Amino acid sequence: MIVYNPKDWLSTSIYLHTFKIFKRLLPYLIISILFSWGIAYWELEYLKLSDKSWLKNINIVHNLLGFVLSLLLVFRTNTAYDRWWEARKQWGALTNTSRILAIKMQAYLDPEDKVNRSFYRKSISLFAETLAEYLKSDYTRFMLDETAHPELKELDDKKHGPNQVAALIFKKTNKLYQEGKLSGEQLITLNKELNAFTEITGACERIKNTPIPLGYSSFIKTFIILYTATLPIGYVFSLGYFVIAAVPFVFYVLAALEMIGESIEEPFGTDSDDLPIDKMAANIKKHSQEILLP
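Report follows, based on the coordinates. (Residues numbered from 1 in each chain as written. Predicted model: local features only at pLDDT ≥ 70, side-chain atom pairs only at ≥ 80, totals over all residues. Heavy atoms only, no water.)

**A closer look at helix α5 (residues 161-178)**
Cut-off, in case you're wondering: We count a stretch as a helix when DSSP gives it H or I for four or more residues in a row; a strand needs E for two or more, and each element gets its number in order from the N terminus. Expected helix span is taken as 1.5 Å per residue step, with the number of steps being one fewer than the number of residues. Relative accessibility thresholds used throughout: buried, under 20% of the residue-type maximum; exposed, over 50%; partly exposed, between the two (1.4 Å probe, protein chains only). Between two residues, a contact is recorded if the distance between any of their heavy atoms is within 4.5 Å.
Helix length check: α5 (18 residues) gives 26 Å between terminal C-alpha atoms against 26 Å at 1.5 Å per residue, within 8%. Among all positions in α5, only Gly161, Pro162, Gln164, Val165, Ala166, Leu168, Ile169, Lys172, Thr173 and Leu176 are buried. Looking at the buried residues of α5, the elements they touch are α3 (58-108), α4 (114-137) and α6 (184-209). Downstream of α5 by a residue or two, Gly180 has a phi angle that is positive, lying close to 85°.

As structure tokens, this is what we get:
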């Protein structure tokens, strides 16, 4: 994710023109320019249509459909941003949950219990790192000291990583209760944070694995193409050859909005608009280590 100053118009405008969306749209813009030129030449030079041609009135249809298209695009971008913001809230909840769990274990565990305190220092951050890796690539590697914590040998990188780490933390916490190092009341107070790990994982999986329905996305793209492709037919009477510039510009605006929605609706990737979950995981690791002093 790119950190920028939203009040700096110059840098954000330059970023828009160097953005990968423009590069992806460039071939389609060239096609739009050539197509608009062909329609203008065909109507003005070959057919030699006058301003009285009935084709001039097709602009009325574009005016009506333009309002419908704008509503669809607004709904599309709002829906995509809702998914992005929901993902951000889930990782904010994970940050708070990790801190609270670390604070509680810092208070509950004996200051001389180096092994168990080390386990929670590492396992809390491990969950965040594992979830980040899982959401980005569905592949998880576990990076803990197996010598000091032999229970970590049970982790299988071919299975669901976050579930394994959450189960490991819960198992360890329950074992501390059975050994008398945690009281029943303390175990109950820890239950909310322990459950939150799995709940946050499920919410992130819901966002990642539930894309916008294909029919809806396909309809918007088809609508944009047909709308812009028919623009020069009617507007050539009032704009002339200027449709060669006007129609590609309209197509760029509409298509860019759709592609921005596509970009932000998947917040767990590596694009510039995606959430910086690696940095969030690193912050969780830093904070848990600060709280759970060795």
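**Things to note about the packing of aromatic side chains**
Put simply, the rule reads: Each aromatic pair joins two rings of Phe, Tyr and Trp (for Trp, the six-membered one) with centres within 6.5 Å, and gets the label stacked for planes under 30 degrees apart, edge-to-face for over 60, and tilted for any other angle. Charges are assigned to positions over rings by a cutoff of 6 Å between ring centre and Lys NZ or Arg CZ, combined with an angular limit of 35 degrees from the ring normal.
The full count for this structure, using the stated rule, is seven aromatic pairs. Between Tyr81 and Trp84, the aromatic rings sit 5.8 Å apart at their centres with planes inclined by 20°, giving stacked as the arrangement. You can see Tyr81 and its partner Trp84 sitting in helix α3, three residues apart, about one turn around the helix. Judged by centre distance (4.6 Å) and plane angle (40°), the ring pair of Phe127 and Phe197 falls under tilted. Taken together, the residues Phe127 in helix α4 and Phe197 in helix α6 connect sequence positions 70 residues apart. Using a relative accessible area of 1% as the deciding quantity, one classes Phe127 as buried. On the accessibility criterion, Phe197 (0% relative accessible area) is buried. Between Lys172 and the ring centre of Phe119, over which it is positioned, the NZ or CZ distance is 5.5 Å.

**As for the environment of Met105**
Relative to the helices and strands, Met105 is located in helix α3. On the basis of relative accessibility, which here comes to 0%, the residue Met105 falls in the buried class. Each C-alpha atom of the pair Met105 and Leu190 lies 8.7 Å from the other, and the pair is 85 residues apart in sequence. Non-local contacts of Met105, meaning those with residues more than four positions away in its chain, are made with Arg117, Tyr120, Leu176, Leu182, Leu190 and Leu292.

**A closer look at the packing of α3 against α6**
This is how the line gets drawn: For every element, the axis is a line fit to its C-alpha atoms; helices are fit only across the contacting stretch, and the angle between N-to-C directions ranges from 0 to 180 degrees. Our angle categories are set so that under 35 degrees counts as roughly parallel, over 145 as roughly antiparallel, 65 to 115 as roughly perpendicular, and the remainder as oblique. The sense of a crossing depends on the near helix, which, turned anticlockwise from the far helix by less than a right angle, makes the crossing left-handed and, turned clockwise, makes it right-handed. Residue type decides the class: Asp, Glu, Lys and Arg count as charged, Ala, Val, Leu, Ile, Met, Phe, Trp, Tyr, Cys and Pro as nonpolar, and the leftover types, Gly among them, as polar.
Two elements in contact, α3 and α6, have axes whose closest approach is 9 Å; the angle formed by their N-to-C orientations is 160°. Relative to α6, the element α3 lies roughly antiparallel. The handedness of the crossing between α3 and α6 comes out as left-handed. Classifying every residue of the contact of α3 with α6 gives 16 nonpolar, five polar and five charged.

**Describing the pattern of salt bridges**
Filter applied, for reference: By definition, a salt bridge exists where a carboxyl oxygen of Asp or Glu is found within 4 Å of a side-chain nitrogen of Lys or Arg.
Applying the stated criterion across every chain yields a total of 11 salt bridges. For the salt bridge of Lys89 with Glu86, the shortest nitrogen-to-oxygen distance reads 3.6 Å. In this pair, Lys89 and Glu86 both sit in helix α3, three residues apart, roughly one turn of the helix. With a relative accessible area of 44%, Lys89 lands in the partly exposed category. As a salt-bridge pair, Glu262 and Lys221 come within 2.4 Å of each other at their nearest N and O atoms. One end of the pair, Glu262, is in helix α8 (residues 243-264); the other, Lys221, is in helix α7 (residues 214-239), and 41 residues separate them in sequence. Residues joined in a network through salt bridges with shared partners are Arg76, Lys221, Glu258, Glu262 and Glu265.

**Comments concerning the side chain of Gln90**
If you trace the backbone, Gln90 turns up in helix α3. We classify Gln90 as buried; its relative accessible area is 15%. Residues within four places of Gln90 in sequence aside, it is in contact with Ile200, Ala203 and Cys204.

**Side note on the nonpolar core**
Side chains of nonpolar character tend, in soluble globular proteins, to be buried together. For the record, the criterion: As used in this record, nonpolar core signifies buried Ala, Val, Leu, Ile, Met, Phe, Trp, Tyr and Cys residues forming a set joined through side-chain atoms within 4.5 Å.
Membership of the largest hydrophobic core comes to 39 residues, with the highest contact counts inside it found for Trp91, Leu94, Leu101, Met105, Tyr120, Leu131 and Phe268. Elements that contribute at least two residues to this core include exactly α3, α4, α5, α6 and α9 (277-291). Ignoring any residue separated from it by four or fewer positions in sequence, one finds Phe268 in contact with Ala87, Trp91, Leu135, Lys136, Cys204, Ile207, Lys208, Asp274, Leu275 and Ile277. Counting 22 residues, the second-largest nonpolar core is a separate cluster that includes Leu29, Ala40, Leu69 and Leu73.

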